[in-house]
Amino acid sequence: MAFENKFILQRIEKVELLRREGINPYSNNSKRNTTIIKYLNVNSDLENKEDKRDENRHYTLCGRIKLFRVMGKASFLQIEDESGVLQVYITRDNLPEGFYNDVFKKNIETGDIIEVSGYPFITGKGELSLHVSEFKLLTKAIAPLPEKFHGITDKETRYRKRYLDLIMNAEVRKTFQTRSKVISLTRRFFEDKGFLEVETPMMHPIAGGANAKPFVTHHNALGIDRFLRIAPELYLKRLIVGGFEAVFEINRNFRNEGMDATHNPEFTSIEFYWAYKTYRDLIVITKEYFAYLFEHLNLPTLLPYGDLEVDFSQFTEVPLIQSLSTIGGIPETIVNDKDKILEFLKNKNITVKPGLNLGQLQGELFDEFVEEKLINPTFITEYPVEISPLARRSDYNPDITERFELFIAGREIANAFSELNDPVDQLGRFEAQMASKECGDDEAHAMDEDFIDALSYGMAPTAGQGIGIDRLVMLLTNEHSIRDVLLFPAMKPIYNEELNQEEEV
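Residues numbered from 1 in each chain as written. Predicted model: local features only at pLDDT ≥ 70, side-chain atom pairs only at ≥ 80, totals over all residues. Heavy atoms only, no water.

Draft legend 1. Here's a closer look at the overall build of the protein. Per the secondary structure count, the protein includes 15 helices and 18 strands. Structurally, the protein occupies a C-alpha span of about 85 × 60 × 50 Å along its principal axes. A total of 505 residues make up the protein; the buried ones form 48% of that total. Long-range pairs, those at least 24 residues apart, make up 66% of the contacts in the protein between residues at least 6 apart in sequence. Total accessible area on the protein stands at roughly 25,700 Å², and carbon and sulfur atoms take up 49% of it. In the protein, the 60 positive side-chain charges and the 81 negative ones have mean positions that sit 8 Å from each other. (Helix = DSSP H or I, 4+ residues; strand = E, 2+ residues; numbered from the N terminus. Buried < 20%, exposed > 50% of the residue type's maximum accessible area, 1.4 Å probe, protein only. Contact = heavy atoms within 4.5 Å. Areas by Shrake-Rupley, 256 points an atom, 1.4 Å probe, with all protein chains shown as cover. Lys, Arg positive; Asp, Glu negative; His and termini not counted. Charge placed at Lys NZ, Arg CZ, Asp CG, Glu CD.)

Draft legend 2. Representation of the side chain of Ser 323. Inspection of the secondary structure assignment puts Ser 323 in helix α9 (residues 320–326). For Ser 323, a relative accessible area of 0% corresponds to the buried category. What Ser 323 contacts, discounting residues up to four positions off in sequence, is Val 318, Gly 328, Phe 366, Val 370 and Ile 380.

Draft legend 3. Fine view of the pattern of salt bridges. Considering all chains together, one arrives at 34 salt bridges under this definition. Glu 402 serves as the salt-bridge partner of Arg 392, at 3.2 Å between the closest nitrogen and oxygen. On the criterion of sequence distance, the pair formed by Arg 392 in the loop between β15 (378–381) and β16 (403–408) and Glu 402 in the loop between β15 and β16 is long-range, its members being 10 residues apart. Take Arg 392: its relative accessible area is 27%, and that puts it in the partly exposed class. You can call Glu 402 buried: its relative accessible area is 16%. Among the salt bridges present, the one from Glu 405 reaches Arg 403, with a minimum N-O distance of 3.3 Å. Each member of the pair, Glu 405 as well as Arg 403, is classed as buried. (Salt bridge = Lys/Arg side-chain N within 4 Å of Asp/Glu carboxyl O.)

Draft legend 4. Broad picture of the pairing of strand β3 (residues 84–91). By the criterion of burial, β3 is predominantly enclosed, with six of the eight residues buried. In this sheet, β3 lies alongside strand β2 (residues 74–81) in antiparallel orientation, the contact comprising eight bridges. Paired with Ile 79 across the strands is Leu 86, a residue of β3. Here β2 hands over to β3 after two residues, the two strands then running antiparallel side by side. (Pairing = 2+ DSSP bridges.)

Draft legend 5. Structural view of the sheet that holds strand β9 (residues 224–228). Taking strand neighbours across the sheet as the criterion, the three strands line up as β7-β9-β8 in an open arrangement whose pairing is antiparallel. Of all the strands in the sheet, the pair left with one neighbour each is β7 (203–204) and β8 (216–219). Looking at chain direction, β7 and β9 are connected through two bridges and run antiparallel. Residue pairing in the sheet places Met 203 in a bridge with Leu 228 of β9.

Draft legend 6. Seen up close, helix α14 (residues 469–477). Most of α14 sits out of view: nine of its nine residues are buried. Buried within α14 we find Ile 469, Asp 470, Arg 471, Leu 472, Val 473, Met 474, Leu 475, Leu 476 and Thr 477. Just past α14, the residue Asn 478 takes up positive phi, approximately 60°.

Draft legend 7. Just the nonpolar core, in detail. Ranked by size, the top nonpolar core spans 46 residues in total, and within it Phe 190, Phe 272, Tyr 289, Phe 290, Phe 312 and Ile 408 carry the most contacts. Per-element tally for this core: the top contributor is helix α8 (residues 279–296), with nine residues. The next biggest cluster of nonpolar side chains, apart from the first, holds 26 residues, and it includes Tyr 59, Leu 61, Tyr 100 and Val 103. (Core = buried A, V, L, I, M, F, W, Y, C linked by side-chain atoms within 4.5 Å.)

Draft legend 8. Region of interest: the sheet that holds strand β6 (residues 196–197). Strand order in the open sheet made by the eight strands is β6-β10-β11-β18-β17-β16-β15-β14, with mixed pairing throughout. Strands with a single pairing partner mark the edges of an open sheet, and in this sheet they are β6 and β14 (316–319). Bridge count for strand β11 (residues 266–275) against strand β18 (residues 462–468) is seven bridges, and the pairing is antiparallel. Within β18, the position partnered with Trp 274 by the bridge is Ala 463. Most of the contacts of α8 go to β16, to which it runs at about 25°, and overall it touches β11, β14, β15, β16, β17 (411–418) and β18. (Axes fitted to C-alpha atoms, helices over the stretch in contact; angles between N-to-C directions.)

Draft legend 9. How the structure looks around helix α11 (residues 358–369). With 12 residues, α11 ought to run about 16 Å at 1.5 Å a step, and its terminal C-alpha atoms sit 16 Å apart, in line with that. Turning to α11, its buried residues are Gly 359, Gln 360, Leu 361, Gln 362, Gly 363, Leu 365, Phe 366 and Phe 369. The secondary structure elements touched by the buried residues of α11 are α9, α10 (338–347), β15, β16 and α12 (423–438). Where α11 begins, the capping side chain belongs to Asn 357, and its oxygen is found 3.3 Å from the backbone nitrogen of Gly 359. (Expected span 1.5 Å × (residues − 1). Polar contact = N/O pair within 3.5 Å; in protein donor to acceptor, adjacent residues only side chain to side chain.)

Draft legend 10. Representation of the side chain of Glu 115 within the structure. Positionally, Glu 115 belongs in strand β4 (residues 113–122). In this view, Glu 115 contacts Ser 30, Lys 31, Arg 32, Thr 60, Leu 61, Cys 62, Glu 134, Phe 135, Lys 136 and Leu 138; residues no more than four positions away in its chain are not counted.

Draft legend 11. Fine view of unusual backbone geometry. With a phi angle near 65°, Tyr 276 is a residue other than glycine that sits in the positive phi range. Secondary-structure assignment places Tyr 276 in the loop between β11 and α8. Notably, Asn 349 is not glycine yet its phi reads approximately 60°, a positive angle. Tracing the chain through its elements places Asn 349 in the loop between α10 and α11. For Asn 349, a relative accessible area of 70% puts it in the exposed group.

Draft legend 12. Seen up close, the environment of Glu 431. Residue placement: Glu 431 occurs in helix α12. Put simply, Glu 431 and Ala 446 are 15 residues apart on the chain and 8.6 Å apart in space, counted from C-alpha to C-alpha.

Written out as structure tokens, the structure reads:
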């Protein structure tokens with residue numbers, strides 16, 4: 001990395017000046033004994049005391065300098081750690097002779113990480129602060145921070161340099177703290193329900209578990225290609241065959257698809273499988289899961305999301321075919337007729353892939369005319385068999401499956417169904433998917449003979465579900481791009497990256 005920026009070069013010079021003064025600009029012996037939020041809480045009692053300082057209390061805190069105001073013989077700094085922001089007051093007379101003028105004022109800047117020790121006091125303006133008696137530089141930042149009051153507004157920079165985004169925008173850190181809580185609460189919820197957390201392979205011999213285009217990698221030792229997993233479903237169901245009755249996995253999936261506000265090539269989900277249950281049981285546990293999250297995250301049941309207000313006090317259910325007319329406004333005379341659907345879509349200037357069957361066309365109608373209208377939590381049920389290759393057929397109507405998808409704020413949040421455990425039926429579904437692949441559907445499910453073999457030994461009646469953690473966090477934090485809930489989202493390469501790739505080739 002070449003340091004060519006003049007401001008960085010100036011700061012590098014200060015690093016060398018500090019070293020000549022016998023000061024280590026990258027010290028590693030911090031004596032911090034509290035955090036900023038704990039300091040503020042424990043000393044809040046000073047507000048009610050006549051004497052607004054207590055020199056008998058002594059604290060050592062660390063943080064990054066976010067604001068620097070020099071006033072002759074004294075300076076006010078704002079430092080920030082993960083927990084909060086604190087004002088510190090530094091005077092010339094409280095530091096070793098010459099340090100304030102020759103070292104502190106000349107070489108300490110915003111962005112530096114420091115350690116300060118002292119006692120609490122409340123300023124004339126009523127702000128609880130720290131009166132510094134000892135000062136130590138822990139890390140000299142050679143790159144200057146963006147201007148404080150404007151921060152980083154360019155999203156491209158925020159996503160590419162997430163570390164800088166986190167430094168400058170405390171609310172961004174809160175979003176990712178919430179994400180971490182959601183994952184932790186999810187794990188606790190399912191463990192409390194008796195589920196066992198498991199890990200399954202990330203590299204698969206067959207791209208399966210969902211309809212999507214995979215990423216391909218190569219296993220050098222075996223001399224064969226492997227696929228980054230699209231979903232863990234078929235491995236988790238193998239565990240049900242093996243005798244586990246309730247399992248879940250929280251992990252990454254990879255899908256070689258386009259990137260937009262709700263899609264990233266790698267994403268996090270939870271999938272769980274529950275023996276001796278049906279998709280109706282999953283509707284119940286999904287409602288319980290949301291209630292659990294809202295309670296432990298202290299969220300209101302009327303949750304704002306952009307210009308919308310989502311009401312989580314009640315969940316509704318609508319069969320997919322019925323939703324086409326009742327929500328999508330499509331005439332009932334059209335929704336079960338393939339030719340009429342094609343004519344309807346043509347009149348609406350909507351192009352679809354050739355060779356789609358009736359169920360696939362009904363899925364196209366749903367995507368175009370229903371999905372975005374589902375604002376409050378809605379379970380769309382009874383999906384056509386043609387678009388549900390792993391779901392169990394309904395006992396009363398073999399053309400539909402015991403499946404639901406949960407939609408909130410116009411987006412899919414969860415997908416679930418009673419699992420297909422008839423190996424002969426499953427083989428036929430895979431064969432139908434292979435026929436779709438031959439017709440040009442590169443997202444059709446591949447044949448998985450080992451999974452058929454597993455089902456042949458008998459899988460208990462089972463229900464399974466996947467919940468997209470990224471989209472769920474978007475919903476709970478009022479974020480509208482998946483990139484805002486991923487610490488390091490996928491980005492198009494910048495010029496230098498493209499150049500380096502060409503040189504490597």
